[in-house]
Amino acid sequence: MDSRIPAGDLQGKWTRCKFENKLVAPANRKKFTVIVVGSGLAGASAAATLAEQGYKVKVFTYHDSPRRAHSIAAQGGINAAKNYQNDGDSVYRLFYDTIKGGDFRAREANVYRLAEVSASIIDQCVAQGVPFAREYGGTLTNRSFGGAQVSRTFYARGQTGQQLLLGAYSALMRQYGLKHLELHAREEMLDLVVVDGKARGIVTRNLKTGALQTHTADAVVLATGGYGNIFYLSTNAKKSNATAAWRAYKRGALMANPCFTQIHPTCIPVTGDHQSKLTLMSESLRNDGRVWVPKAKGDKRPPSQIPVDERDYYLERMYPSFGNLAPRDIASRAAKRVCDEGRGVGSSGLAVYLDFADAIRVQGKETIETKYGNLFAMYEKITDENPYEVPMRIYPAVHYVMGGLWVDYHLMSNLPGLFVLGEANFSDHGANRLGASALMQGLADGYFVAPYTIGNYLGGTKLAPAPLSHEAFAGTLGDVKARIALLSKNKSGTSALEFHRNLGKILWEHCGMARNDAGLKKAIGEIKTLREAFWEDVFIPGSETNMNSELELAGRVADFMELAELMCVDALERKESCGGHLREESQTPEGEAQRDDSKYCYVAAWQYQGEGQPAKMHKENLVFENVKLAERNYK
Amino acid sequence: MSAGGFTSVNTGTAVDGNVLLVGEARAESAMDAAACIGCGACVAACKNASAMLFVSAKVMHLAQLPQGEPERKTRAVNMVAQMDKEGFGSCSNTGACEAACPKEISVKHIAKLSREILKSKACS
Ligand SMILES: Cc1cc2nc3c(=O)[nH]c(=O)nc-3n(C[C@H](O)[C@H](O)[C@H](O)COP(=O)(O)OP(=O)(O)OC[C@H]3O[C@@H](n4cnc5c(N)ncnc54)[C@H](O)[C@@H]3O)c2cc1C
Ligand code: SF4
């Protein structure tokens, strides 16, 4: 495992890397084919740029259009070190904030490069016509986001992700119109084809016809997003899944820090057992809302009838200096704790109040309306309750995964020819991601990093021809067929959805925001049992040879079942608290998360060892040459 | 989209984001048009199955920004031509699209698009 970090000073690494890269002459580029799986921010930007450079590009997405990728959901914004506000921002400051926010579990060199190219992302998007918010004078405006003391977040109303994706999509469609790339919508990648140790193709299933097909290429890019949906309840799009990444793992790619997930404290909670998608509410609400639960267990009175002295404003009580603005992970854990104590509100008991009554009294309804009007309207639309009159109910939910396929500085996996971009890789956010940094990373990877490093790979590697007639394609296709047959063998039984829900419960309980040795061991046992039951009993109505969403789901859940175990194994091994994760055995005397740099300052990269065998861990030690490791303190 | 719903700018060739100033009102107005999510509800609601609301939203999003200026005329003409080629009906101003649109895209964009087309024909 070589992370291929260029030598020399931090500031010069990327420049040197680009200079040392092998080049492919423009006239030769059309001889190389690159498969890009995923058309979210990372995939669309990479595909468009590679096609502009002259490579032959084939794009795959399971959506009916590339513009439907999950990136569309991002509301908040995108960071960049432009220093347009003249408030002391710089590439170095963005780099430092990201390293610190990630609790010192990311690579310095990667993060520095991310900060370095961030400014070009904004320029590129502006040139594409992304309508970022502007000042009256016509310059670009910014807002502040958590974890930073400067204002560096660019936004396009509440639809930043959508507008950025439209920009990347329009660049993609331009290349499509010029016939520089092929577009395969509604095709799901079900396996990776490895020839002579190199990634050379994929197997896909057409979601309309069920047809399985093999595709060959000189390099394969996975930009397939995150696997937060493994928890069943998450803010991710319902279809987001781990299959592409997990199949690559089973073909030899390393999976890094799989247990690093991010939990967001302000989501609209579940109502009833049948809801499966949670809605994210902007965290800015915690600026004015007060979080509380009843002091007494099981107090089911409506909030208006609970007198103030019978309420527990627990964040203000426990964190007097930060109060309701305590960091994401601390606020999330506190909410789970009070609900576990039986003091949660709402019919499920899995919610806490976020109350604006005081803010409305002090600042007036109009002020609150200007600040949060659209969020209040969204809340009312979903819950049918008016937050100007009754407190909102919120609960934490899984939002993002920092873990993902291991990549080196070139964003290439240990499997040569396999590049992984966006949320699907593990690279830049360490143990915790700062707000508005995922969009930045996806576009940095796709527009400004991978097109260079893929060129270097293609220019510097001897690639034997890998025609579809090569036995590896038939072999992998056979594996995919056998798996589908195994999944569809039962004539009756339990739905994949039911298994998914149960899996989510186990993970949320034991591998969520707080973990401990006994809980993780218990979870591993429970997951194994559930997985056996799944293969024995899962029932898929309908047929394999046409559109069948149950079959799609079952395949994804099958992979979740295996990844869930690895997440717990990874969490079990990491006996420190870090980022958003509290390891209960590793706390300060005051009950705060305690990192252990002496033992755990590394990336855990797991290698598949065969069916039923425990995965093998490789450690990539993290070396900090520029920043000093510091404690996180929010008291 | 591939018929012109873009600005022809390759990755890495962009100038600084603040070089071309865009007034707040204009940026907001471009954003109003850009808010279209391409859901197709407008086409479904239209008795002529016209895609004018969708196309006009894209054209007017870029037409209002300096970054879209160089290809302004060809974009309008090509996108409408592509729409006709794909067999979408023509617009008879019933307004059903606006009523059906989840993003409140206004029919005024259609009127503006027609003006864009006229202008480009008059000048060419
Ligand atoms: C509600 C919400 C709000 C957010 N807000 C912000 C924010 O304000 N700022 C920020 O920076 N980040 C935000 N994030 C995070 C950010 O949106 C994501 O991390 C980012 O968009 C991921 O982009 P991506 O390109 O890596 O993947 P995605 O956009 O998830 O795209 C994945 C693509 O891969 C395809 N795909 C996946 N598997 C397969 C397969 N097997 N076969 C074929 N195709 C496949 C999909 O079709 C899709 O095209 C938010 C996330 C959520 C859930
Ligand atoms: S209904 Fe509105 S949002 Fe949907 S495609 Fe038409 S214009 Fe766009």
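Residues numbered from 1 in each chain as written. Chains lettered and ligands numbered in written order. Predicted model: local features only at pLDDT ≥ 70, side-chain atom pairs only at ≥ 80, totals over all residues. Heavy atoms only, no water.

## Considerations on the overall build of chain A
Point 1. Each helix and strand counted, chain A has 16 helices and 22 strands in total.
Point 2. Scaling as 2.2 N^0.38, a compact globule of 635 residues should have a C-alpha radius of gyration of about 26 Å, and chain A matches this with 24 Å.
Point 3. With respect to the principal axes defined by its C-alpha atoms, chain A has extents near 75 × 65 × 50 Å.
Point 4. The buried share of chain A, taken over its 635 residues, is 61%.
Point 5. As displayed, chain A has an accessible area near 23,600 Å², and 52% of this comes from carbon and sulfur atoms. (Helix = DSSP H or I, 4+ residues; strand = E, 2+ residues; numbered from the N terminus. Rg over C-alpha atoms; globule rule 2.2 N^0.38 Å. Buried < 20%, exposed > 50% of the residue type's maximum accessible area, 1.4 Å probe, protein only. Areas by Shrake-Rupley, 256 points an atom, 1.4 Å probe, with all protein chains shown as cover.)

## Describing the domain arrangement of chain A
All names here are of chain A.
Point 1. Domain annotation for chain A reports domain 1 (265-399) and domain 2 (486-601).
Point 2. Put simply, the middle of domain 1 and the middle of domain 2, counted by C-alpha atoms, are 28 Å apart.
Point 3. On the side of domain 2, 11 residues touch domain 1, which itself brings 12 residues to the contact.
Point 4. Interface of domain 1 and domain 2: buried area, both sides summed, is about 910 Å²; carbon and sulfur atoms make up 56% of it.
Point 5. Viewed at the interface, domain 2 and domain 1 are joined by one salt bridge.
Point 6. At the boundary of domain 1 and domain 2, one finds zero residue pairs in polar contact (both at pLDDT 80 or more).
Point 7. Only α8 (328-343) and β16 (392-401) provide two or more residues apiece to the side of domain 1 that touches domain 2.
Point 8. Counting residues per element, the side of domain 1 that touches domain 2 draws most heavily on α8, at five residues.
Point 9. Residue classes in the side of domain 1 that touches domain 2 are distributed as six nonpolar, two polar and four charged. (Domains from an automatic or database assignment. Contact = heavy atoms within 4.5 Å. Buried area = accessible area lost by both parts, 1.4 Å probe. Salt bridge = Lys/Arg side-chain N within 4 Å of Asp/Glu carboxyl O. Polar contact = N/O pair within 3.5 Å; in protein donor to acceptor, adjacent residues only side chain to side chain. Nonpolar A, V, L, I, M, F, W, Y, C, P; charged D, E, K, R; others polar.)

## Some remarks on unusual backbone geometry
Residues and elements named next belong to chain B.
Point 1. Of note, the phi angle at A49 is positive, near 50°, even though the residue is not glycine.
Point 2. The topology assignment puts A49 in the loop between α2 (41-45) and α3 (52-63).
Point 3. Its identity as a non-glycine residue notwithstanding, N93 has a phi of 55°, on the positive side.
Point 4. Along the chain, N93 falls in the loop between α4 (72-85) and α5 (96-100).

## Section: the interface of chain B and chain A
Point 1. Taken together, the 39 residues of chain B in the interface contact 36 residues of chain A.
Point 2. Around 3,000 Å² of area is buried between chain B and chain A when both sides are counted, 52% of it from carbon and sulfur atoms.
Point 3. Considering only the surface of chain B that becomes buried against chain A, T11, E24 and M31 of chain B emerge as the three largest contributors, covering 20% of it.
Point 4. The interface formed by chain B and chain A includes three salt bridges.
Point 5. Applying the counting rule to chain B against chain A returns 22 residue pairs in polar contact (both at pLDDT 80 or more).
Point 6. Elements that contribute at least two residues to the side of chain B that touches chain A include exactly α1 (24-34) and α3 of chain B.
Point 7. Among the elements that take part in the side of chain B that touches chain A, α1 of chain B stands out by supplying seven residues, more than any other.
Point 8. Residues of the side of chain B that touches chain A, tallied by class, amount to 19 nonpolar, 14 polar and six charged.

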